[in-house]
Amino acid sequence: MKLGAMVANLTYTYLASNPGLISVAPATASTLDPEAIDRMRAKMVAAGTVLATDDGLTITVSLVDREGNPTAVPAVTGTVDRLTDLACRLGYEIVRAVEPAELEYECQPKLEGTPAQAIDLFLEGEEAFRVQDMERADSLYSAALTIDPTFTWAHWRRLNARRWLRVSFQPDLDSLYDHHRDELPELDRRLLDIWRTPFGQERLNKYEQVLAQFPRDPYPWLMYGEDLFHRGPLAGIPLDSASAVLHAALERDPTMGPALLLLSWAAIRAGDAAAVEELLGRLRASERQDATIPIEFLELAATERFGPDERRAAMRAAMLAQGEGGGEALMDFLRWLRFGLAFDAAPGQAWFAEALLASPLAADPALWVHLSEARAMALVAIGRIRDALATFDSIAHASGVPEAALQAAQWRVLPHALGLEGFGGGEA
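Residues numbered from 1 in each chain as written. Predicted model: local features only at pLDDT ≥ 70, side-chain atom pairs only at ≥ 80, totals over all residues. Heavy atoms only, no water.

**Quick look at the environment of A285**
- Mapped onto the fold, A285 is located in helix 14 (residues 273-285).
- On the basis of relative accessible area, A285 is assigned to the exposed category, the value being 69%.
- Distance from A285 to T255, taken between C-alpha atoms, is 9.5 Å for residues 30 residues apart in sequence. (Helix = DSSP H or I, 4+ residues; strand = E, 2+ residues; numbered from the N terminus. Buried < 20%, exposed > 50% of the residue type's maximum accessible area, 1.4 Å probe, protein only.)

**Points about the packing of aromatic side chains**
- In the structure shown here, the tally under the stated rule is 10 aromatic pairs.
- Ring geometry for F122 versus W153: centroids 4.9 Å apart, planes at 35°, classification tilted. Here the residue F122 occupies a position in helix 5 (residues 116-130), and W153 occupies one in helix 7 (residues 152-164), the gap between them amounting to 31 residues.
- Residue class for F122 comes out buried when judged on its relative accessible area of 2%.
- Relative to W195, the ring of W156 has its centre 5.0 Å away and its plane inclined at 55°; by these criteria the two rings are tilted. Of this pair, W156 sits in helix 7 while W195 sits in helix 9 (residues 186-195), placing them 39 residues apart in sequence. (Phe/Tyr/Trp six-rings, centres within 6.5 Å; stacked < 30°, edge-to-face > 60°.)

**Details of a nonpolar patch on the surface**
- The grouping of L414, L418 and L420 at the surface amounts to a nonpolar patch, some 270 Å² of accessible area in total.
- Here L418 lies in the segment after helix 21 (402-417). (Patch = residues over 30% accessible without salt bridge, like charges linked within 9 Å, V, L, I, M, F, W, Y side chains within 5 Å. Areas by Shrake-Rupley, 256 points an atom, 1.4 Å probe, with all protein chains shown as cover. Salt bridge = Lys/Arg side-chain N within 4 Å of Asp/Glu carboxyl O.)

**With respect to the packing of helix 15 (residues 295-306) against helix 16 (residues 309-324)**
- Orientation of helix 15 relative to helix 16, taken along the N-to-C sense of each, is 140°, at an axis distance of 9 Å. Taken together, the axes of helix 15 and helix 16 lie oblique to each other. Considering how the two elements wind past one another, helix 15 and helix 16 form a crossing that is left-handed. Contact residues: helix 15 offers L300, T303, E304, R305 and F306, while helix 16 offers R311, R312, M315, R316 and M319.
- Of the residues belonging to the contact of helix 15 with helix 16, the class tally is 4 nonpolar, 1 polar and 5 charged. (Axes fitted to C-alpha atoms, helices over the stretch in contact; angles between N-to-C directions. Parallel < 35°, antiparallel > 145°, perpendicular 65-115°, else oblique. Left-handed = near helix turned anticlockwise from the far one by under 90°. Contact = heavy atoms within 4.5 Å. Nonpolar A, V, L, I, M, F, W, Y, C, P; charged D, E, K, R; others polar.)

**Brief notes about the nonpolar core**
- Grouped together as the largest cluster of nonpolar side chains are 108 residues, with contacts concentrated most on F129, F151, W156, M223, W336 and F343.
- The element contributing the most residues to this core is helix 13 (residues 257-270), with 9 residues.
- Core analysis: the next-biggest nonpolar cluster, separate from the first, contains 10 residues, L389, F392, I395 and A408 among them. (Core = buried A, V, L, I, M, F, W, Y, C linked by side-chain atoms within 4.5 Å.)

**Considerations on unusual backbone geometry**
- In this structure, Q132 is a non-glycine residue whose phi angle is positive, near 65°.
- Along the polypeptide, Q132 turns up in the loop between helix 5 and helix 6 (134-147).
- According to the relative accessible area criterion, Q132 is buried, its value standing at 2%.
- Positive phi is not limited to glycine here, since D344 has a value of about 55°.
- You can see D344 is positioned in the loop between helix 17 (327-340) and helix 18 (346-357).

**Details of the pairing of strand 1 (residues 44-53)**
- Note: strand 1 against strand 2 (residues 56-65), 10 bridges, orientation antiparallel. Across the sheet, the residue bridging to G48 is V61, located in strand 2.
- Between strand 1 and strand 2, which pair antiparallel and follow one another directly, the connecting turn spans 2 residues. (Pairing = 2+ DSSP bridges.)

**Points about helix 20 (residues 385-399)**
- With 15 residues, helix 20 extends 21 Å between its outermost C-alpha atoms, agreeing within 8% with the 21 Å of an ideal straight helix rising 1.5 Å per residue.
- Every buried residue of helix 20 is listed here: I385, A388, L389, T391, F392, I395 and A396. End-on view of helix 20: buried residues confined to an arc of 160°, all on one side of the axis. Away from its buried face, by an angle of more than 90 degrees, helix 20 presents the exposed residues H397 and A398.
- Buried residues along helix 20 sit in contact with helix 19 (365-381) and helix 21.
- Within two residues after helix 20, G400 carries a phi angle of roughly 70°, on the positive side. (Expected span 1.5 Å × (residues − 1). Arc of directions from axis to C-beta.)

**A few points about helix 15**
- Here helix 15 is 12 residues long and its end C-alpha atoms lie 16 Å apart, about the 16 Å a rise of 1.5 Å per residue gives.
- Where helix 15 is concerned, the buried positions are I295, F297, L298, L300, A301, A302, T303 and E304.
- Structurally, helix 15 contributes buried residues whose contacts are with helix 13, helix 14, helix 16, helix 17 and helix 18.

**A short note on the pairing of strand 2**
- Where strand 2 lies against strand 4 (residues 76-78), 3 bridges are found, and the strand directions are antiparallel. In the strand pairing of strand 4, I59 is matched with V76.
- Pairing geometry for strand 2 and strand 3 (residues 70-72), over 3 bridges, is antiparallel. Counterpart to V64 in the pairing with strand 3 is P70.

Written as structure tokens, this is what we have:
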């Protein structure tokens, strides 16, 4: 990261960690048009330069309000080896220029002694997280920790990235909470506490308290929205509650990739074709990079849910041809099958599974089981219960695995237990 960008991002980091301040990340601010800036109720726009000489660094910043009126900010001078101190003092001068007497300001976290290279990698990890390149974010946070294993903030933010990557992190989370939570900025410390609180009303109340204290920071809104998206429905909280919180995150950072992804996903599940089209357009225009759920998956799901018959048929044919080619294309195909039900695209999941089961690829026993399970789950979702039960029985018979036999027996019991018509107690 270039020196100017590093100073800007580090200064923003200090500003954003103060509850009374409203600030927007430099990478986000540079993409906003005047109307977007106005919607975010921004009071000032800052731009600056970093001049490097033999004597050190001189940082100058200009502030301009909505009417174009400038506000002077004293220059800050120092050396490269005290970059955190420079950014801290620059943030102080900006706050004093904007609100000379009303706001308190504190540099959090204390990064004195953290090597500049580790901070640079951390800040690049933050940007990778923002555009949802979670694998890169994880790698950058890890690289920062290789340089400085005591960099607690990098530990915590790496856990956030690994949560999105569905990597186990609970032991690390508990250790961080028990031994290092006081080294985190207040916002991150409170989010860490929330993550260790079981999902329920207490956890939701803690989120609301954090949002009240940090109303303009997109990060807690994203964390809350993601929690509601994945766990809310299991607790009887409708999906539109998650969508409202995620929209609030986007109001604070219109380019936040994770929020765009989850909102697109929620709109597909809710059957809102117009919202899906608008959100997918924003995703295509963004820098978002996500190997976990590629945008192609969202487009496939949208076509399955809303596309005209001709477009759906063409998409299915193209996808099937790629899958039958084997290799990475087949792996992508199988990943799509796992996400089919998550997008309420059960008919497409059943169609794809049945098509591949009729191909030579199904001669592989392990692949046959995988495809058959995907087909059976999709058949349950679209109401073809007896066909699904027969498929589960076939899996149990062909695999000879006790777990498969147990799964088939469980599915035999469920329809009657749920009160479905036509299924008696003797089904099991």
